[in-house]
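Listed below, chain by chain, are the residues.
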Amino acid sequence: MPKDPDGHLIPGRLSPARAVPASIPRPEYVGRPAPTPNTGGDRYSPDEIERIRAAGRVAAGAIEAAAAVIRPGVTTDELDRVAHEYVVAHGAYPSTLGYRGYPKSSCTSVNEVICHGIPDDTVLQDGDLVNIDVTAYLDGYHGDLNHTFVVGEAGDETRLLVERTREALARGIRAVAPGRQVNVIGRAIESYARRFGYGVVRDYTGHGVGRAFHTGLVIPHFDDPDATTVIEPGMVFTIEPMLTLGTIEWDLWDDDWTVVTRDRSLTAQFEHTLVVTERGAEILTLP
């Protein structure tokens, strides 16, 4: 079990990268150090939105499949295997695999890991939290989401953190409306989270997604006065608040991916890809 003497996570052992059938198209960044910068903007036609929805449906199904095997004794690598096999079985490519060198087909972030945890031989234990983040690339478009799950039984503090982080996402989505600035999203999330004394991570944000994995559009989860981009119908982006029981300060592991709370407090996250409509927002990452 990869933990230090204080019970905090440490890097585990990675299995080999999983194969993707040659018949499945790859995103343009696979095999390259970085993706090509997005120049297509963040608004999409109705046909493109349906393609993003199709990719999002695959990603959501992969998370459901992985969640079905969560229990004490299962490794995060096993969750990745299930998610990977679901995505490729549906003719899609797991977007994280090969993105800027990322070695796996999903992110699995346990307990104090804020985001980008790499699946390995970490064994889940009763009372753990595990966030599963899957993005699928299908027909030229990405759909991105994540959910946090409780492993076995957990105390009220842990369970409420998960429930309230899910609600924070819902409030952020409800704040979306054409003509508003994107900072209204973070304002809704932060005002809710502060009622419970939770930290709201600032340095990792939502983002534009669709024809590119990350388009350059930034969606803060706190009330950022500089986030003045105006929300328009047809825009597609993620909202993915990360709430903590302690500090919002973080440390980055030597793998250059895994982000953990500096005080090693528990953290939870939920994410959906959504499209802006004339009246609000519609979630595109549902099974």
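Coordinates for the structure precede this section.
How each quantity is defined
Residues numbered from 1 in each chain as written. Predicted model: local features only at pLDDT ≥ 70, side-chain atom pairs only at ≥ 80, totals over all residues. Heavy atoms only, no water. Helix = DSSP H or I, 4+ residues; strand = E, 2+ residues; numbered from the N terminus. Expected span 1.5 Å × (residues − 1). Buried < 20%, exposed > 50% of the residue type's maximum accessible area, 1.4 Å probe, protein only. Contact = heavy atoms within 4.5 Å. Pairing = 2+ DSSP bridges. Axes fitted to C-alpha atoms, helices over the stretch in contact; angles between N-to-C directions. Phe/Tyr/Trp six-rings, centres within 6.5 Å; stacked < 30°, edge-to-face > 60°. Salt bridge = Lys/Arg side-chain N within 4 Å of Asp/Glu carboxyl O.

*Asks:* What is the right way to look at helix α2 (residues 76-89) in this model?
*Replies:* Taking 1.5 Å of rise per residue, 14 residues should cover 20 Å, and α2 covers 20 Å from first to last C-alpha, within 8% of that figure. Buried within α2 we find Thr-76, Asp-77, Leu-79, Asp-80, Val-82, Ala-83, His-84, Val-87 and Val-88. Check the buried side of α2 and you find it contacts α1 (46-67), β1 (93-94), β2 (107-110) and β4 (129-138). At the exit of α2 stands Gly-91, carrying a positive phi of roughly 75°.

*Asks:* Is there a simple way to explain the sheet that holds strand β12 (residues 259-261) in this structure?
*Replies:* Strand pairing in a sheet takes place through backbone hydrogen bonds and is either antiparallel or parallel in direction. If you trace the three strands from one edge of the open sheet to the other, you get β3-β12-β11, paired in antiparallel fashion. Bordering the open sheet on either side are β3 (113-115) and β11 (250-252), each of which pairs with just one other strand. Each strand of the sheet is rotated relative to its neighbour by a mean of 40°, with strand direction disregarded. Relative to β12, β11 runs antiparallel, the two sharing three bridges. Opposite Leu-252, over in β12, you have Val-259 as the bridge partner.

*Asks:* I tried to follow the sheet that holds strand β10 (residues 242-244) on my own but got confused; where do I start?
*Replies:* Reading across the sheet, the three strands line up as β6-β10-β13 and stay open at both edges, with antiparallel pairing between neighbours. Two strands in the sheet have a free side with no partner beyond their single neighbour: β6 (199-200) and β13 (267-269). Pairing of β10 with β13, which is carried by three bridges, proceeds in the antiparallel orientation. What sits directly across from Leu-243, in β13, is Ala-268. This element, helix α3 (residues 156-174), spans β10 and β13 of the sheet and lies at about 35° to β13.

*Asks:* Before we go on, may I ask you to explain the packing of aromatic side chains in this structure?
*Replies:* The description of an aromatic ring pair uses the distance of the two centres, along with the angle that the planes make with each other. For the structure shown, the criterion picks out eight aromatic pairs. Considering the side-chain rings of Tyr-44 and Tyr-141, the 6.4 Å spacing of their centres and the 70° angle between planes classify their relative orientation as edge-to-face. In this pair, Tyr-44 is assigned in the segment before α1 and Tyr-141 in strand β5 (residues 141-150), connecting sequence segments 97 residues apart. Like Tyr-44, the residue Tyr-141 is buried in the burial classification.

*Asks:* Which parts of the structure should I look at to understand the pattern of salt bridges?
*Replies:* A side chain with one charge may pair with a side chain of the opposite charge, provided their charged atoms come close. For the coordinates displayed, the defined rule picks out 23 salt bridges. Put simply, Asp-77 and Lys-104 hold a salt bridge, and the shortest N to O gap is 3.3 Å. Within this pair, whereas Asp-77 is found in helix α2, its partner Lys-104 is found in the loop between β1 and β2, the two being separated by 27 residues in sequence. Here the two residues Asp-77 and Lys-104 agree in accessibility, since each one is buried. The salt bridge involving Arg-262 is made with Glu-249; its shortest N-O contact spans 3.9 Å.

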